[in-house]
Amino acid sequence: MLEDFLKKHLDLGHHQHALNQIQMSIFFKILLLLSLLSINCSFSQAQSHFPQKPISLVVPYVTGGVSDALARALAQKISSSLSQQVLVENRPGGNTLIGSVHVAKSAPDGYTLLLTAESTLTMNPMLYAKLPYDVEKNFTPIAALASIPQSFVISPALPAKSLQEFINLAKKSPKQYSFANLGVGSSAHLNFELFQRVTDMQLVDIAYKGASAALTDLIGGHVSAMIVSTGLVSAQARANNLKVLAVAGNKRSSQLPDVPTFKELGFENFTPSSWFALMGVNGTPKDVIEKINLEVNKALKDPVFKAEQLDRFALEPIGGSPEQLAHLIKSESQRWSNIIKDMNIRLD
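Now for a description of the structure that goes with this document. (Residues numbered from 1 in each chain as written. Predicted model: local features only at pLDDT ≥ 70, side-chain atom pairs only at ≥ 80, totals over all residues. Heavy atoms only, no water.)

### Let's talk about the pairing of strand S2 (residues 86-90)
One ladder, built from five bridges, connects strand S1 (residues 55-59) with S2; its direction is parallel. Residue Ile 55 lies in a different strand from S2, and its bridge partner there is Val 86. Handedness of the β-α-β unit built from S1, helix H2 (residues 66-82) and S2 comes out right-handed. (Pairing = 2+ DSSP bridges. Helix = DSSP H or I, 4+ residues; strand = E, 2+ residues; numbered from the N terminus. Right-handed = clockwise from strand over helix to strand, strands pointing away.)

In structure tokens:
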């Protein structure tokens, strides 16, 4: 009897202990779940109220160029729609490396963005063996912004009145004429190098920190030619301060209707153009990326914004999703990889 009694109560004690353990386990799991839900709600609430402080829009170029003008126009537009300041921060130098690395090392919270031309994303990785940033690992696409056709421009002091006349002039006297390099490895630089190979010209390469300084020297006759964004030279061309001999694109520029396209002149496969993209830091919350993307697309679709801010620089809006920009970067990287390998250009 005693043995049965003790056995019975010992078993009950064992079961009670197990029950207590189960209850405690459930209690801690509920506590953990509530904590996670609380953190998630706080995080979601913070992101839904993004932005809560000014956003820094880094431009890795000097002031006065198309990228700078686009950044300032977009910053003003988005500042208004987000009810928060978007401050343009110019960090030029090192073929966009200085500004790009600054953004790459920033917190992935949406408060530091990069507005740059395609060379940062598609050319630099092919030009440098040891690039201080990795496009895929350090950045995340937000939106493609705009594209701009480029023009072949020469000094008004030169006698050439057409592209072919200039080519003949340059080939007759190798290295007597020069071209403005708007940053080693930039699209303007690589496109001019490519055109030299196509035409068998040999011009002296003169490096500039930006388009504004190069255009001043071109107008003054200190440099012979350059390939530059059409929007930057259309007004100067109409004032006869320089000569635009050809423009890129399938059709003539509305700003320069008398200037033929490269295709019209027989250069079917030479279509120099540039495009700009908005990038965030890799790891930035998806909803923050989507919110910025939404505001950017709203701006690009605004007819007033296009007429007042984009058209004067001959910028064509692109827009679209982060995924579409990622595809553009990938396809253009492959294209430039082949070109740069063929030209055997390295910058380190």
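The discussion continues.
### Quick notes on the environment of Ser 331
Structurally, the position occupied by Ser 331 is in helix H12 (residues 322-343). Between the C-alpha atom of Ser 331 and that of Thr 122, which follows or precedes it by 209 residues, the distance is 8.8 Å. Of the polar contacts made by the side chain of Ser 331, one reaches the backbone oxygen of Leu 328; its length is 3.1 Å. (Polar contact = N/O pair within 3.5 Å; in protein donor to acceptor, adjacent residues only side chain to side chain.)

### Observations regarding unusual backbone geometry
The residue after Phe 50, namely Pro 51, is reached through a cis peptide bond having omega 0°. With respect to the helices, strands and loops of the structure, Pro 51 is situated in the loop between helix H1 (2-48) and S1. The phi dihedral of Asp 200 is positive, around 65°, even though this residue is not glycine. Positionally, Asp 200 belongs in the loop between helix H7 (187-199) and strand S6 (204-207). Unlike most non-glycine residues, Asn 344 shows phi in positive territory, near 55°. The topology assignment puts Asn 344 in the segment after H12.

### Some remarks on the pattern of salt bridges
Overall, the coordinates contain seven salt bridges when judged by the stated rule. Between Glu 264 and Arg 252 there is a salt bridge; the shortest N-O distance is 2.9 Å. Of this pair, Glu 264 sits in the loop between strand S8 (243-247) and strand S9 (273-281) while Arg 252 sits in the loop between S8 and S9; the two residues are twelve residues apart in sequence, bridging distant segments of the chain. When its relative accessible area of 45% is taken as the criterion, Glu 264 is described as partly exposed. When the shortest N-O distance is used, the salt bridge between Glu 295 and Lys 298 registers 3.7 Å. With Glu 295 and Lys 298 both in helix H10 (residues 286-301) and three residues apart, this pair spans about one turn of that helix. Using a relative accessible area of 9% as the deciding quantity, one classes Glu 295 as buried. Taking relative accessible area as the criterion, Lys 298 reaches 47% and is therefore assigned partly exposed. (Salt bridge = Lys/Arg side-chain N within 4 Å of Asp/Glu carboxyl O. Buried < 20%, exposed > 50% of the residue type's maximum accessible area, 1.4 Å probe, protein only.)

### Let's talk about H12
Between its first and last C-alpha atoms H12 spans 31 Å; for 22 residues at 1.5 Å apiece the expected length is 32 Å, and the two agree. Listed as buried for H12 are Pro 322, Leu 325, Ile 329, Glu 332, Ser 333, Trp 336, Ser 337, Ile 339, Ile 340 and Met 343. Phi turns positive, to about 55°, at Asn 344, one or two residues after H12. (Expected span 1.5 Å × (residues − 1).)

### Regarding the packing of aromatic side chains
Enumeration according to the criterion identifies eleven aromatic pairs in this entry. Taking the centre distance of 5.4 Å and the plane angle of 55° together, the rings of Phe 152 and Phe 195 count as tilted. In this pair, Phe 152 is assigned in strand S4 (residues 139-154) and Phe 195 in helix H7, connecting sequence segments 43 residues apart. Classification of Phe 152 by relative accessible area gives buried; the value is 0%. For Phe 195, a relative accessible area of 0% gives the class buried. Linked through ring pairs, Phe 152, Phe 166, Tyr 177, Phe 179, Phe 192, Phe 195, Phe 262, Phe 267 and Phe 270 together constitute an aromatic cluster. Above the face of the Tyr 111 ring, Lys 53 is positioned so that its terminal group lies 4.8 Å from the ring centre. (Phe/Tyr/Trp six-rings, centres within 6.5 Å; stacked < 30°, edge-to-face > 60°. Lys NZ or Arg CZ within 6 Å of the ring centre and 35° of its normal.)

### Remarks on the nonpolar core
Side chains that are nonpolar tend, in soluble globular proteins, to be buried together. Counting 56 residues, the largest nonpolar core has Met 226, Val 244, Leu 278 and Leu 315 as its most contacted members. Ranked by residue count, the leading element in this core is H2, at nine residues. Excluding residues within four positions of it along the chain, Leu 278 makes contact with Leu 57, Leu 113, Leu 114, Leu 115, Pro 141, Ile 142, Ala 143, Leu 145, Ile 292, Val 296 and Leu 325. If you look at the next biggest cluster of nonpolar residues, it comprises 27 residues, including Val 58, Leu 114, Leu 325 and Trp 336. (Core = buried A, V, L, I, M, F, W, Y, C linked by side-chain atoms within 4.5 Å. Contact = heavy atoms within 4.5 Å.)

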